[in-house]
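For reference, the chains in residue letters:
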Amino acid sequence: MDKNGMDLQKFSKGSYKENFCYTNSAEYLAELQKTSMMKRNEKYCTLPDKDKGVDIINIKGIEDIGYVQSDSMILNSLVPQRDSTYQQGLYFSDAKRRIDFILAYHIKKHGSRKHGGRHGNNTISSVKGGQQLPGKNTDPEIAAHDLTADYHEDDKRLRREEFEGRLMETGLELEKDEDTKTPGIGYVKIHAPWHVLCREAEFMKLKMPTKKVYEVNQSSNFVEKINAFISKVTEPLHPNVDGAKVSNVKHLSYPFSREKQHLFDLTDRESFFDSKTRSTIVYEILKRITCTKAKYSMGITSLLANGVYTAAYPLHDGDCEGDDTEQNDRKVLWEEWASYSVFYKYQPINLVRKYFGEKIGLYFAWLGVYTQMLIPASVVGIIVFLYGCATVDDDIPSMEMCDERNNITMCPLCDKTCSYWKLSTACATARASHLFDNPATVFFSIFMALWAAMFMEHWKRRQMRLNYKWDLTGFEEEEEAVKAHPRAEYEAKVMQKSMRKDHKVKKKQPEVVEERTNKWKQTVQTAMAGVKLTEKEKLTWRDRLPAYTTNIVMILFMIGLTFAIVFGVILYRISTAAALAMSPNPTTRSNVRVTVTATAVIINLVVILILDEVYGSIARWLTVIEVPKTDKSFEERLIFKAFILKFVNAFTPIIYVAFFKGRFVGRPGKYVYAFKSFRMEECAPGGCLMELCIQLSIIMLGKQLIQNNLFEIGIPKLKKLIRYIKSKRQSAQEEEEREKKLQRYETDYDLEPFVGLTPEYMEMMIQFGFVTLFVASFPLAPLFALLNNIIEIRLDAKKFVGELRRPVAVRAKDIGIWYNILRGVGKLAVIINAFVISFTSDFIPRLVYLYMYSPDGSMHGFINQTLSYFNVSDFQAGTEPLDSLQLGFRVDVCRYKDYREPPWTPDEYEITKQFWSVLAARLAFVIVFQNLVMFMSDFVDWMIPDIPKDISEQIHKEKVLMVDLFMKEEQGKLQMLETLLAKTKEGKGTENCNNHSPYSRPRSHKGSTTSLHSQNDDA
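This one's a predicted model, so the numbers in the text were calculated from it and none came from an experiment.

S.K.: I tried to follow the overall build of the protein chain on my own but got confused; where do I start?
M.R.: Secondary structure summary: the protein chain contains 37 helices and 14 strands in total. Relative to its 1019 residues, the protein chain shows a buried fraction of 47%. Of the accessible surface of the protein chain, which amounts to about 52000 Å², a share of 59% is contributed by carbon and sulfur atoms.

Here it is, written out as structure tokens:
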């Protein structure tokens, strides 16, 4: 075997010397194989030794490639299925030990063998004999490629052996299954025995319920009656799950300790640690165990990234669909949470937390609170909209615009092709603008700013209640430990830096002639010291400078790309408006503005949807090249980059319409042109608020319907359709048999992997921006967000329960960086709404006219006051309308919206004093509105405590009860010790009187010392 191994080593030495340390010595490889063989014979066996009757010669090919599979391992699939739970694949083949975690990997089969090996007799004999195997190509390059692939597979297998051996050293029990219905996939089933669960729970400081039960303090009688009444009224809204109703009794929780096991109820050890906790404990072990035989330490994340394992996941509790399915938590969640028929019910948050963990539970709890808070915002928004509908006929400015008797002729909207037009043709736009541009809009903006503050405070209090209920108080220590755990990519980068530095040092040192064996020994020692090298080194800002530079350049480039696309859409609007104005159809000419606005918004929506996916991938790539140290740092940097890019992508077109469109158009006779040919577009006579409303509504609804809902529904359905088409190729009977024989871990392997909560949070953050940032222009935004979220909750629930692999439960006490993003968006919303009301709407100009320029104290004459005069003879050459008689008469003076002097005054076309008055009023309103609303928000924040009073009292009560419990325990121990000491002294006195033995005193003294020592230990 050594000879063959050396032959292959010579073949692959040049290609793999830098990648794997296994190629450096055949002796080391043989030793590793021998060790691995012994471990597998000892720990992978699932049948008694007396049942083994396999001749080693019959599996010589398997033995030569690294380990001997016991017959129990080979025949696992032939063991009779003794239990229905085993048929579901939730237990080991003995139907007693529960599967807590699954590791999946690729297996490569050659002929009748399960694995291809470098030292397999079949391969060697074919090479030695010079005979071509059936179906094999004799091309040397192809043969070399096959040997290379075999080498890779063997290297992965050896790494798996080492990793699995280390797992078994920690006490975990493993069982392999390679004879599965999933072609080319093998599974390692992991079970954590009781002593491992206890040990790791103590290390992780998991809080577990004790036997001590106490009654939760009730509020005053009046508050208690109100709560009871509300609970009775909302009883139909609660899901039909255990623990849905509020209980007045709670178990006292305490961090698990093996020395304090008497505090916990361990009558049923199988259910004391639920499946979520068991899988979390196993995953913590998987993260802690590393392979050190490579050039740097490899944990489970590196093994997954390098393809050593293809997947690592805990199992679902069982099937969720089917009438004959056994009842389990997954099925309960499917029926009472992931069904559209229960959309009106509360979420079973406690069961979600129990099944998926605290982090996912907090996300759905936050989504539920956000959706509930949208209800009052939607009601107020509907009232504001109805107020606009009710008062539209009483709005004097819109009535003046619709009055054809005013006979106001407006200047052309574009050069040459556009002609003069009547102001009364914009009547519909003016009336529609009043629905959103009315005095109630200002009130709604203030209300939404306070609503955002109330929402944040309500969530903090709800989060604190969940922390208390889920025993997450005092969780900071574990969070710090998780933060300090380095990522595998970071360790690899540090290892490369360490080796480069070590290589430079060796080059500077004089060469010393050493024996070959000493050099090999030094190489092995260097490889084995990979972990120590990574501890000494760390990545500095100099190492990350290229990545930081790339990040800055790429982010600026992406933002510039977004601006360029928006500018391209502007040019499209301008050119399309000019083209439609030349249409001979009068209907087309009259609807130019609506047509251009609608088509431009649809183009913006399509571009936003495409760029969202692109920016998400770019943000991840930029974060990867930064090589953050911890998973938390990686997640926060990824969220920050993705949010910045997606926020800019979604809101840039809206910001243009709100604050830039119509601001830099110039005046007739002196317009501003882009590229000296495209005249900048201007707002409608009623202002840009109506166009802003159209832009906001289409983009918001389009993103929600297409990106959030259609993609989430359509993509899973499409994948199911593809699987269905593939299954049609098989006979119905074969497919049915295959489905029946699939184990739980095989079924879960076919599900989509869990990629994190970032996409779910991100779409909600963008939606929160739509609801709060420009709510002054679209009061119905909260209503559409509410309707979307009702569907979104059930969509996400269906995805998590039925379409994704079960994620590893992660403990968390808050929603992390997303809370800071919410606060930032809430503060920004106050500023943006202030500017929208001041500069986009006509609210301030109307107030200025009403109190400063109106002759009778009414709004009569407001439209005429905001329109300036222009003499058509002052048009620049080549810009006058080609068809100046389109209205049927000659036009000498036309009107345009601006505050400028008329042409018959000495200061013709200069800005009037009224413009400066309106501008001053606008700026003053921004300052007053912003400071007033922010003060009110901060006041609300100060008035409402973050921690509810009853929760703080319960936390204090728990501490007191825990102290009392330990004090009583210590008192009982002291009483027992005193009784024991008294009996010892009594026995000592009797012995001294009856038998004066010289050995009695030392024995008594020794016993007293031991007892006192034990007492000190207990204390």
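S.K.: Sorry, what's going on with the nonpolar core here?
M.R.: In summary, soluble globular proteins display a tendency toward joint burial of nonpolar side chains. Formed by 123 residues in total, the largest nonpolar core has its most connected members in Trp366, Tyr370, Trp451 and Phe774. Sequence-distant contacts of Tyr370, defined by excluding residues within four places in its chain, comprise Trp451, Phe455, Met764, Gln767, Phe768, Val771 and Asn789. In terms of nonpolar packing, the next biggest core, distinct from the first, is built from 47 residues, Cys198, Tyr214, Val282 and Val308 among them.

S.K.: I tried to follow the confidence of the model for the protein chain on my own but got confused; where do I start?
M.R.: Parts of the model with low pLDDT should not have their predicted coordinates read in detail. Per-residue confidence for the protein chain gives a mean pLDDT of 76, with 76% of residues at or over 70. Looking at the elements of the protein chain, mean pLDDT is at its lowest for helix H3 (residues 60–64), recorded as 30, and at its highest for helix H15 (residues 358–391), recorded as 93.

S.K.: What am I meant to see in helix H32 (residues 817–840) here?
M.R.: Side chains three or four residues apart in an α-helix point the same way, a direct result of the helix having 3.6 residues per turn. The end-to-end C-alpha distance of H32 is 32 Å, a good match for the 34 Å that 24 residues give at a rise of 1.5 Å each. H32 sits mainly inside the fold: 17 of its 24 residues count as buried.

S.K.: I tried to follow the packing of helix H33 (residues 843–853) against helix H35 (residues 913–943) on my own but got confused; where do I start?
M.R.: Think of two packed helices as two axes; the pair is described by the angle between the axes and how far apart they sit. Two elements in contact, H33 and H35, have axes whose closest approach is 9 Å; the angle formed by their N-to-C orientations is 120°. Of the possible angle classes, the one that applies to H33 and H35 is oblique. As H33 runs across H35, the sense of the crossing is right-handed. Seen from H33, the contacting residues are Phe843, Ile844, Pro845, Val848, Met852 and Tyr853; seen from H35, they are Lys913, Gln914, Ser917, Val918, Ala921, Arg922 and Phe925. The residue inventory of the contact of H33 with H35, partitioned by class, reads 9 nonpolar, 2 polar and 2 charged.

S.K.: Explanation requested: the pattern of salt bridges in the structure shown.
M.R.: Side chains that differ in charge, positive against negative, can pair when their charged atoms come close. Under the defined criterion, the tally for this structure stands at 45 salt bridges. Residue Arg97 is joined to Glu173 by a salt bridge in which the shortest nitrogen-to-oxygen separation is 2.9 Å. One end of the pair, Arg97, is in the loop between helix H5 (84–87) and strand E1 (101–106); the other, Glu173, is in strand E2 (residues 173–177), with 76 residues separating them in the sequence. What makes Arg97 partly exposed here is its relative accessible area of 22%. According to the relative accessible area criterion, Glu173 is partly exposed, its value standing at 26%. For Arg573, the salt bridge identified is with Glu691, shortest N-O distance 1.9 Å. In this pair, Arg573 is assigned in helix H23 (residues 541–581) and Glu691 in helix H27 (residues 689–728), connecting sequence segments 118 residues apart. By relative accessible area, Glu691 is classed as buried at 7%.

S.K.: Quick question: what am I supposed to make of the state of the cysteines here?
M.R.: A covalent bond between the sulfur atoms of two cysteines is what we call a disulfide. In this structure the tally under the stated criterion is 3 disulfides. The disulfide partner of Cys402 is Cys427, and the gap between their sulfur atoms is 1.8 Å. On the S-S bond that ties Cys402 to Cys427, the torsion sits near 90°, and the link is right-handed. With Cys402 in helix H16 (residues 396–402) and Cys427 in helix H17 (residues 427–436), this residue pair connects regions lying 25 residues apart in the sequence. Judged by relative accessible area, which is 23%, Cys402 ranks as partly exposed.

S.K.: Hey, could you run me through H23 in this one?
M.R.: Between its first and last C-alpha atoms H23 spans 58 Å; for 41 residues at 1.5 Å apiece the expected length is 60 Å, and the two agree. The sharpest bend along H23 comes to roughly 30°, located at Ala547.

S.K.: Where do I start with the packing of aromatic side chains in this structure?
M.R.: The geometry of two aromatic rings is summed up by the distance between their centres and the angle between their planes. Counting across every chain of the model gives 52 aromatic pairs. Between the aromatic rings of Trp194 and Phe273, the centroid separation amounts to 5.6 Å while the plane-to-plane angle is 50°, which identifies the pairing as tilted. Here Trp194 is found in helix H8 (residues 194–204), whereas its partner Phe273 is found in the loop between helix H10 (269–272) and helix H11 (275–288), with 79 residues between them in sequence. Phe273 shares its class with Trp194; the two are buried. Taken together, a centroid distance of 6.3 Å and an interplanar angle of 20° make the contact between Phe651 and Phe774 stacked. Placement of the pair is Phe651 in helix H26 (residues 631–660) and Phe774 in the loop between helix H30 (758–772) and helix H31 (781–803), with a sequence separation of 123 residues. As far as the burial class goes, Phe651 and Phe774 line up, both buried. Of note, Arg679 hangs over the ring of Tyr671, and the distance from its end group to the ring centre comes to 3.5 Å. Over the aromatic face of Trp334 sits the side chain of Lys798, whose NZ or CZ is 4.4 Å from the ring centroid.

S.K.: In this structure, what is going on with the side chain of Thr562? I would like to understand it.
M.R.: Residue position: Thr562 is located in helix H23. Among the polar contacts made by the side chain of Thr562, one reaches the side chain of Tyr615 at a distance of 2.7 Å. Sequence-distant contacts of Thr562, that is, excluding residues within four places in its chain, are made with Tyr615, Val648, Asn649 and Thr652.

S.K.: Hey, could you run me through a nonpolar patch on the surface in this one?
M.R.: Among the surface-exposed residues, Leu705, Ile706, Leu710, Phe711 and Ile715 lie close enough to one another that they form a single nonpolar patch of about 430 Å² accessible area. With respect to the helices and strands, Phe711 occurs in helix H27. The class for Phe711 is partly exposed, based on a relative accessible area of 34%.

S.K.: When you look at the environment of Leu887 in this model, what are you seeing that I'm missing?
M.R.: Relative to the helices and strands, Leu887 is located in the loop between strand E13 (867–871) and strand E14 (893–897). C-alpha of Leu887 to C-alpha of Tyr420: the two residues are 467 residues apart in sequence and 7.1 Å apart in space. Beyond its immediate chain neighbours, meaning those up to four positions away, Leu887 contacts Thr409, Tyr420, Trp421 and Lys422.

S.K.: Would you take a moment to explain the sheet that holds strand E6 (residues 311–313) for this structure?
M.R.: Strand pairs in the sheet, formed through backbone hydrogen bonds, run parallel or antiparallel to each other. Spatially, 4 strands are ordered E2-E3-E1-E6 in an open sheet, and the strand pairing comes out antiparallel. Edge positions in the open sheet fall to E2 and E6, since each of these has one partner strand only. Each strand axis lies, on average, 20° off the axis of its neighbour in the sheet, ignoring direction. Note: E1 against E6, 3 bridges, orientation antiparallel.

S.K.: Is there a simple way to explain unusual backbone geometry in this structure?
M.R.: Glycine aside, residues mostly have negative phi angles, and peptide bonds mostly take the trans form. Look at Lys205: it is not a glycine, yet its phi comes out positive at around 55°. Residue position: Lys205 is located in the loop between H8 and strand E4 (207–215). Lys205 sits in the partly exposed class, given a relative accessible area of 48%.

S.K.: Just to check I follow, could you spell out a negative patch on the surface for this structure?
M.R.: A contiguous patch of negative charge, built from Asp874, Asp907, Glu908 and Glu910, is present on the exposed surface. Following the sequence through the fold, Asp907 ends up in the loop between E14 and H35.

S.K.: Please explain the side chain of Arg794 as it appears in this structure.
M.R.: Its location among the elements puts Arg794 in helix H31. No salt bridge is formed by the buried Arg794; the nearest opposite charge belongs to Glu336, separated by 8.0 Å.

S.K.: Help me out: how do you make sense of the environment of Leu885 in this one?
M.R.: Positionally, Leu885 belongs in the loop between E13 and E14. Here Leu885 falls in the exposed class, since its relative accessible area comes to 52%.

Basis of the calculations
Each chain carries its own residue numbering, running from 1 in the written order of its sequence. For this predicted model, a pLDDT threshold of at least 70 governs which residues receive local features, and a threshold of 80 or more governs which side-chain atom pairs are given and counted, while totals over whole chains, interfaces and linings are taken from all residues. By convention in this description, side-chain values take in all heavy atoms of the structure and omit both hydrogens and water. The way it works is that DSSP assigns letters per residue, a run of H or I at least four long becomes a helix, a run of E at least two long becomes a strand, and they are numbered from the N terminus. Exposed residues in this analysis have more than 50% of their type's maximum accessible area, buried residues have under 20%, and partly exposed residues fall in between, with area computed by a 1.4 Å probe over protein chains only. Values of accessible area rely on a 1.4 Å probe in the Shrake-Rupley scheme; residue burial ignores everything except the protein chains shown. Residues belong to a common nonpolar core when they are buried Ala, Val, Leu, Ile, Met, Phe, Trp, Tyr or Cys residues joined through side-chain atoms within 4.5 Å. Should any heavy atoms of two residues lie within 4.5 Å, those residues are counted as being in contact. Confidence scores labelled pLDDT are given residue by residue by the predictor and lie between 0 and 100. Every helix has an expected span of 1.5 Å times one less than the residues it contains. Between the N-to-C directions of two axes lies an angle of 0 to 180 degrees, each axis being a line fitted to C-alpha atoms and, for a helix, fitted only over the stretch in contact. Angles are sorted into four bins: roughly parallel if under 35 degrees, roughly antiparallel if over 145, roughly perpendicular if 65 to 115, and oblique for all others. In this scheme the handedness of a crossing depends on how the near helix is turned from the far one: anticlockwise by less than a right angle means left-handed, clockwise means right-handed. By the convention adopted, Pro, Cys, Tyr, Trp, Phe, Met, Ile, Leu, Val and Ala count as nonpolar, Lys, Arg, Asp and Glu as charged, and the other residues, Gly among them, as polar. For this analysis, a salt bridge means a side-chain nitrogen from Lys or Arg found within 4 Å of a carboxyl oxygen belonging to Asp or Glu. By disulfide we mean two sulfur atoms from cysteines, separated by a distance within 2.5 Å. At any given residue, the bend is defined as the angle formed between two axes, one fitted to the seven residues that end at that position and one fitted to the seven that begin there. Note on aromatic pairs: the rings of Phe, Tyr and Trp (six-membered ring only in Trp) are paired at centre separations within 6.5 Å, and the planes decide the class, stacked below 30 degrees, edge-to-face beyond 60, tilted for the rest. Two thresholds decide whether a charge sits over a ring: the Lys NZ or Arg CZ must be within 6 Å of the ring centre and within 35 degrees of the ring normal. Counting of polar contacts relies on pairs of N or O atoms within 3.5 Å, with two restrictions inside protein: one atom must be capable of donating a hydrogen and the other of accepting it, and residues adjacent in sequence are counted only when both atoms are side-chain atoms. Patches were defined on residues exceeding 30% relative accessible area and lacking a salt bridge, with like-charge contacts within 9 Å and nonpolar side-chain contacts (Val, Leu, Ile, Met, Phe, Trp, Tyr) within 5 Å. Strands are labelled as partners when DSSP assigns at least two bridges between them. Note on charges: Lys and Arg go in the positive column, Asp and Glu in the negative column, and His and the chain ends are not counted at all. The atoms used to mark charge sites are NZ of Lys, CZ of Arg, CG of Asp and CD of Glu.

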